[in-house]
Amino acid sequence: MAVHAVRLPATQLHGGISGNLSPSSRNPNAAIRFGCGSSKRCRFISVSASLREGDEHGKDNYVRAMEVKKILEDSPLLPKPLSSNQLAETASNGSRVRVAYQGVRGAYSESAAEKAYPNCEPVPCEEFDTAFEAVERWLVDRAVLPIENSLGGSIHRNYDLLLRHNLHIVGEVKLAVRHCLLANHGVSIEDLKRVLSHPQALAQCENTLTRLGLVREAVDDTAGAAKQIAFENLSDAAAVASAEAAKIYGLNILAEDIQDDSDNVTRFLMLAREPIIPGTNRLFKTSIVFSLEEGPGVLFKALAVFSLREINLTKIESRPLRKHPLRASGGLKYFDYLFYVDFEASMADEVAQNALRNLEEFATFLRVLGSYPVDTTML
Ligand SMILES: O=C(O)C(=O)C[C@]1(C(=O)O)C=C[C@@H](O)C=C1
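Just so it is clear, the model here is predicted, and its values are computed rather than measured.

Q: Where do I start with the packing of aromatic side chains in this structure?
A: To describe a pair of aromatic rings, one takes the distance between the centres and the angle between the planes. Considering all chains together, one arrives at four aromatic pairs under this definition. Ring centres of phenylalanine 290 and phenylalanine 339 lie 5.8 Å apart, and the angle between their planes is 35°; on these two criteria the pair is classed as tilted. With phenylalanine 290 in strand E15 (residues 284-291) and phenylalanine 339 in strand E19 (residues 337-343), this pair connects stretches of sequence that are 49 residues apart. The two residues phenylalanine 290 and phenylalanine 339 agree in class, both being buried. Consider the rings of phenylalanine 306 and phenylalanine 343, whose centres lie 4.9 Å apart with planes at 35°: the pair is tilted.

Take a look at the structure:
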């Protein structure tokens, strides 16, 4: 018997399609069937067709089902299942993948989106939250958001949002960040009193900005600072931003490479609605978040599940458990935490599965945020 099936989000089904497809009661062996993926809310509709060999009667129905299946699969609205070797893919209809990032044109996040998905259509968002929501609401295909910087440390807001939203980490991309001091033409370093930029960028240029004695002003993103300097024609202020932002907003580069260390790298996460299927064909990393009971050595025990199996940890971050920030124990109140851990193994590796099974035995909460290929371009 030949069986073919396709699954698609219920929101994308149009009346016309369902009208054409009714199961044949006369010939159940050559039926086209609909099924609902979830009992509470129909999130997915599946269309399947089957035909017994030699069943001439059912052929028409079967051919019709195959035609519909082809239409549905070719539809630009249909999500293409992600796979680990398709990280730089185009959308299913051949159009450019739409990638949300926080900031305006010329932000480092835009460059990261283009590095992660070459030839994509970067979509600027005002807030990190908006980028998460844009993916969840199908307005864009992916989001690329900063998570940590080699000088400035973690971008805590994005750690918190990873848990609040239901997206999956499908990749990471590392970007060398080279900051410039930008000002309007005719403005010299001696004219400057203040400097505008993203807080992370200001922190990464701490030494230079202190030496210049400039008052720091935090804005939403580096390119936004450049835009403001240009649009308001400011003559006492500069922006810390990229050379690309200088080009876009017509500013002059007063100084290059002003970050405190020449090796200034920001790591971005690639986020999608669906996880990728982890592989073992290349170096993979897995990101998880968990919480633990209070007590001596509990974190030590949690980390031991990895060290006992020779699994290398690449990052650990603790964040307040915002739903229950305080826990009472023995008449005392303790702060309660979530632990975010990245480890170097794929969820397809048995050793990683065993480690998480072990952790699950005593963790009060555990979620896998994604298992994805390591960006080795900067190693
Ligand atoms: O403001 C920008 O251009 C951004 O893309 C944001 C951001 C960040 O949040 O860390 C990204 C890379 C640099 O580390 C500085 C700022």
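Q: Sorry if this is basic, but what is going on with the site of the ligand here?
A: Lining the immediate environment of the ligand, one finds 13 residues, of which Tyr108, Ser109, Gln204, Thr222 and Thr266 sit closest. Contact between the ligand and serine 109: an oxygen atom at 2.5 Å from a side-chain N or O atom of the residue. Within the side chain of threonine 266, one N or O atom sits 2.8 Å away from an oxygen atom of the ligand. For the ligand, whose accessible area on its own is 360 Å², the fraction buried by protein is 100%. Under a 2 Å grid-point criterion requiring more than half of the atoms, the pocket assigned to the ligand is the largest cavity. Breaking the shell around the ligand down by element, the ones donating at least two residues are helix H3 (108-116), strand E6 (142-149), helix H6 (199-204) and strand E14 (265-272). When its residues are assigned to classes, the shell around the ligand shows five nonpolar, seven polar and one charged.

Q: What's the story with the environment of alanine 112 in this structure? I'm lost.
A: Along the chain, alanine 112 falls in helix H3. With 110 residues separating them in the primary sequence, alanine 112 and threonine 222 have C-alpha atoms 14 Å apart.

Q: How should the environment of proline 320 be read in this particular structure?
A: Note that proline 320 resides in strand E16 (residues 313-320). The spacing of proline 320 and isoleucine 147 is 173 residues in sequence and 17 Å in space, taken between C-alpha atoms. Discounting chain neighbours no more than four positions away, the residues touching proline 320 are Asp336, Tyr337 and Leu338.

Q: Help me understand the pairing of strand E5 (residues 121-125) in this model?
A: Each regular strand shows side chains that alternate between the opposite faces of the sheet. Relative to E5, strand E4 (residues 98-102) runs parallel, the two being bridged by five bridges. Across the sheet, residue glutamine 102 finds its bridge partner in E5, namely cysteine 125. The parallel pair E4 and E5, bridged by H3, forms a crossover whose chirality is right-handed.

Q: Can you walk me through helix H10 (residues 298-307) in this structure?
A: Side chains that are three or four residues apart share a direction in an α-helix, a result of its 3.6 residues per turn. Here H10 has its buried residues at Val298, Ala302, Ala304, Val305 and Phe306. Of the surrounding elements, those touching the buried residues of H10 are E15, E16, E19 and helix H11 (350-360).

Q: In this structure, what is going on with empty space enclosed by the protein? I would like to understand it.
A: Space left empty within the atom packing is revealed by a probe, the size of a water molecule, rolled over the atoms. Counted by the stated rule, this structure contains two cavities of 30 Å³ or more. Estimated volume of the largest cavity: approximately 230 Å³. Around the largest cavity sit 18 residues that line it, and Tyr108, Ser109, Pro146, His198 and Gln200 are the ones nearest its centre. Mapped onto the lining of the largest cavity, the elements with two or more residues apiece are H3, E6, H6 and E14. No other element matches H6, which puts three residues into the lining of the largest cavity. Looking at the lining of the largest cavity residue by residue, the classes come out as eight nonpolar, nine polar and one charged. As a volume, the second largest cavity reaches approximately 60 Å³. If you go around the second largest cavity, the residues you meet are Ile147, Tyr159, Leu162, Ile169, Arg267, Leu269, Ser287, Ile288, Tyr340, Val341, Asp342 and Leu369. Counting only elements with at least two residues in the lining of the second largest cavity, the list comes to helix H5 (156-164), E14, E15 and E19. Split by residue class, the lining of the second largest cavity holds nine nonpolar, one polar and two charged.

Q: Quick question: what am I supposed to make of unusual backbone geometry here?
A: Excluding glycine, a negative phi dihedral is what most residues carry, and trans is how most peptide bonds are arranged. Even without being a glycine, tryptophan 138 presents a positive backbone phi close to 65°. By secondary structure assignment, the location of tryptophan 138 is in the loop between helix H4 (128-136) and E6. Tryptophan 138 gets classed as partly exposed once you look at its relative accessible area, which sits at 36%.

Q: Is there a simple way to explain the environment of phenylalanine 300 in this structure?
A: Structurally, the position occupied by phenylalanine 300 is in helix H10. Taking C-alpha positions, phenylalanine 300 is 29 Å from arginine 282, a pair spaced 18 residues apart along the chain.

Q: Would you mind showing me how to read the sheet that holds E16 here?
A: By way of backbone hydrogen bonds, the strands of a sheet pair with one another, either parallel or antiparallel. The four strands are arranged E16-E19-E15-E20 in an open sheet whose pairing can be described as antiparallel. Looking at which strands have only one partner, the edges of the open sheet turn out to be E16 and strand E20 (365-373). Here the average twist between neighbouring strands, direction ignored, is 15°. Bridge count between E16 and E19: seven bridges; the pairing is antiparallel. Paired with lysine 315 across the strands is aspartate 342, a residue of E19.

Rules and cut-offs
By convention here, each chain's residues receive numbers from 1 onward along its written sequence. Only residues with pLDDT of at least 70 get local features here, since the model is predicted, and only at 80 or more are side-chain atom pairs given and counted; chain-wide, interface and lining totals rely on the full set of residues. With hydrogens and water stripped out, all remaining heavy atoms of the structure feed into the side-chain values. Stacked, tilted and edge-to-face pairs are distinguished by plane angle, under 30 degrees for stacked and over 60 for edge-to-face with tilted covering the rest, among Phe, Tyr and Trp rings (Trp via its six-membered ring) whose centres lie within 6.5 Å. Only DSSP runs of H or I with at least four residues qualify as helices, and only runs of E with at least two residues qualify as strands; both kinds are numbered from the N terminus onward. Exposure classes here rest on a 1.4 Å probe applied to the protein chains alone. A residue is buried below 20% of its type maximum, exposed above 50%, and partly exposed in between. When we say a residue is near a molecule or strand, we mean one of its heavy atoms is within 4 Å of it. Pairs of N or O atoms are called polar contacts if they sit within 3.5 Å, as long as, within protein, a hydrogen donor faces a hydrogen acceptor (for residues adjacent in sequence, only side-chain-to-side-chain pairs). Residue exposure ignores everything except the shown protein chains as possible cover, and the areas themselves are Shrake-Rupley values with a 1.4 Å probe. Every definition here rests on a 1 Å grid over the protein atoms only: cavities are sets of points where a 1.4 Å probe fits but cannot get out, pockets are open sets enclosed by protein on both sides within 12 Å along at least five of seven lines, and lining residues have some atom within 4 Å of a point. To qualify as sitting in a cavity or pocket, a molecule needs more than half of its atoms within 2 Å of the grid points. Asp, Glu, Lys and Arg are counted as charged, while Ala, Val, Leu, Ile, Met, Phe, Trp, Tyr, Cys and Pro are counted as nonpolar; the rest, among them Gly, fall into the polar class. Any pair of residues with heavy atoms lying within 4.5 Å of one another is described as a contacting pair. Paired strands, in this sense, are two strands between which DSSP finds at least two bridges. Note on handedness: a crossover is taken as right-handed if, strands pointing away from the viewer, the path from the first strand over the helix to the second is clockwise. Grid points are joined across faces, edges and corners, and a volume is the space filled by probe spheres set on the points. Axis geometry follows a simple rule: fit a line to the C-alpha atoms, using only the stretch in contact for helices, then measure angles between N-to-C directions, giving values from 0 to 180 degrees.

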